[in-house]
Amino acid sequence: MFVFVCAGCGAELTAPLSQAALPVHARQKYGNAVQLPALMKPGTFAVDPEPSGPPWRRWEEITPDEAAARGIYAPVHALSDGAPGAIVIAPGDTRNTALLPKKRGGACCGIDGADGPNMACMSCGLPAASRIDDCSLWQAVWLAPDAVRRLPAEGTEDTPLSWAELVDNEKGTPPFEPMTMVWGSRLGLNSFWSWSPQWEAAAGQALAHLLAASQGQPVTVPNGLTSQMFQRALDALLPAGGTKRPAVLAGPDLPVPDKDADILLVPVHPQTGQTWNPPDSATSAYRIPLPFEVWQWMIHPEPHLPTLASGVMPDGVFRDDPPAPPPHQLFRTDRGAFQHTLVRLPAARAPWLRQILENLTQHIQTGIF
Ligand SMILES: [Zn+2]
Ligand SMILES: [Zn+2]
């Protein structure tokens, strides 16, 4: 475990924390005026290896070679020239910090950190972190990489869980969940059931990889939830004719995939961020990464979703809540996660993938994103 201390005075600015993989939905902007929960589990932190925050450079100012050296293979609006390595934690894990009320950013009903760090070390006043709590953003505190240092916390050691331990102990993320609006909707309701934002972000990352793996040929995914998540987008973005290559689910607790299976939907370890490898690791199959919690639900769905409830039931009375209503909308892929992933794949240099990126607005209108 680690604590993060102020680079100015050495004061501890966090509780002791264990490292976790950066969630796919870390920078997601979801819906309109929706309240999202905390991004990170208590007691954990994750690192974004890329530069983040201002100053920004527009795409026209960057040469293709420079972009490729940064791992970007297709045009983006702008790239951050900020420091790499921002650290994200749960808001409750901060210590000894105070909000800087003037740095509220261009936020709508909360604060978004767009003006630079909005939290300072209480011992020396160094601006050290950004609290994010605006609508449509995940609740988080991002520590500025050049304002903190990471020190080992004494007497504790982290060993990542094995894949078998994860499958046995970690819960999956349900595909539908109740969402809460900050302001209430036209119908006067302030909550509704929707596809999970985490599933939509996971789909964005995975769809970019599925397109790269497809090499422009049609691809199918397993029936059921996986199909609801991907097939409409795959059918719209890939040609219709010819033999469809199957992408199959693989991972710990599943039979070893067929030798012919060359596109595998596999989990990413939630602590190390490593993508699962088949036991025969010499395989040349393309591994499509899915966040472990989403993959876990696909493999081990739980039969009844929890429903919102208040109050205490009298003794001897059992709940028989109706099942959660299915979302009214077809599944939509998170555009931000899709674009973020695809421009970072060398395959994005291919003209047909370039065209998909250029036509994103059109695909948003058809409801894929
Ligand atoms: Zn708002
Ligand atoms: Zn300080």
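Residues numbered from 1 in each chain as written. Chains lettered and ligands numbered in written order. Predicted model: local features only at pLDDT ≥ 70, side-chain atom pairs only at ≥ 80, totals over all residues. Heavy atoms only, no water.

Engineer: So what's going on with the sheet that holds strand E2 (residues 18-19)? Which residues, and what values?
Structural biologist: Within a sheet, neighbouring strands are paired by backbone hydrogen bonds and run either parallel or antiparallel to one another. The 7 strands are arranged E2-E4-E7-E11-E10-E9-E8 in an open sheet whose pairing can be described as mixed. The open sheet is flanked by E2 and strand E8 (97-99), the only strands paired with a single partner. Pairing geometry for E8 and strand E9 (residues 119-121), over 3 bridges, is antiparallel. Looking across to E9, one finds that Ala98 is bridged to Ala120. (Pairing = 2+ DSSP bridges. Helix = DSSP H or I, 4+ residues; strand = E, 2+ residues; numbered from the N terminus.)

Engineer: Please set out helix H7 (residues 351-358) residue by residue, giving values where relevant.
Structural biologist: Looking only at H7, the buried set comprises Leu353, Ile356 and Leu357. End-on view of H7: buried residues confined to an arc of 100°, all on one side of the axis. Exposed and oriented more than 90 degrees from the buried face of H7 are Pro351 and Glu358. (Buried < 20%, exposed > 50% of the residue type's maximum accessible area, 1.4 Å probe, protein only. Arc of directions from axis to C-beta.)

Engineer: Explain the coordination of the zinc ion (ligand 1) to me, and be specific about the residues and the numbers.
Structural biologist: Taken together, the protein ligands of the zinc ion (ligand 1) are Cys108 (SG), Cys109 (SG) and Cys135 (SG), with distances of 2.0 to 2.2 Å. Sequence positions of the residues that donate to the zinc ion (ligand 1) give the spacing C-C-x25-C. In this pair, Cys108 sits in the loop between E8 and E9 while Cys135 sits in the loop between strand E10 (127-132) and strand E11 (140-143), placing the two residues 27 residues apart along the sequence. The exposure class of Cys135 is buried, given its relative accessible area of 9%. (Donors = N, O, S within 2.8 Å, 3.2 Å for Na, K, Ca; no water.)

Engineer: So what about the pairing of strand E7 (residues 84-89)? Which residues, and what values?
Structural biologist: When you tally the buried positions in E7, you get 5 out of 6 residues, the bulk of the element. Direction of pairing for E7 relative to E11: antiparallel, over a ladder of 3 bridges. Its bridge partner lying in E11, Ile89 is registered against Val141.

Engineer: I'd like a rundown of the environment of Leu290, residues and numbers included.
Structural biologist: Looking at the secondary structure, you find Leu290 in strand E19 (residues 286-291). Placed 219 residues apart in sequence, Leu290 and Gly71 show a C-alpha to C-alpha distance of 21 Å.

Engineer: So what about the coordination of the zinc ion (ligand 2)? Which residues, and what values?
Structural biologist: The textbook angles at a metal center are 109.5 degrees for a tetrahedron of four donors and 90 or 180 degrees for an octahedron of six. Listed as protein donors to the zinc ion (ligand 2) are Cys6 (SG), Cys9 (SG), Cys121 (SG) and Cys124 (SG); their distances from the metal cover 2.3 Å. Angles of 102 to 114° at the metal separate the 4 donor atoms of the zinc ion (ligand 2), which places the site in the tetrahedral class. (Tetrahedral: all angles 85-135°; square planar, octahedral: opposite > 155°, others 65-115°.)

Engineer: Just give me the short version of the pattern of salt bridges, but keep the residues and values in it.
Structural biologist: A complete count under the given rule lists 11 salt bridges for this structure. Between Glu50 and Arg344 there is a salt bridge whose closest N-O contact spans 2.6 Å. In this pair, Glu50 is assigned in strand E4 (residues 44-51) and Arg344 in the loop between helix H6 (335-342) and H7, connecting sequence segments 294 residues apart. Residue classification places Glu50 among the partly exposed residues on the basis of a relative accessible area of 24%. Linking Arg70 and Asp81 is a salt bridge whose minimum nitrogen-to-oxygen distance equals 3.4 Å. Here the residue Arg70 occupies a position in the loop between helix H1 (64-69) and strand E6 (78-80), and Asp81 occupies one in the loop between E6 and E7, the gap between them amounting to 11 residues. A residue is classified by how much of its surface remains accessible, and Arg70, at 30% relative accessible area, is partly exposed. Each of Arg57, Glu66, Arg70 and Asp81 takes part in a single network of salt bridges with overlapping partners. (Salt bridge = Lys/Arg side-chain N within 4 Å of Asp/Glu carboxyl O.)

Note that every value here comes from positions in space, so none of it alone points to a role or purpose.
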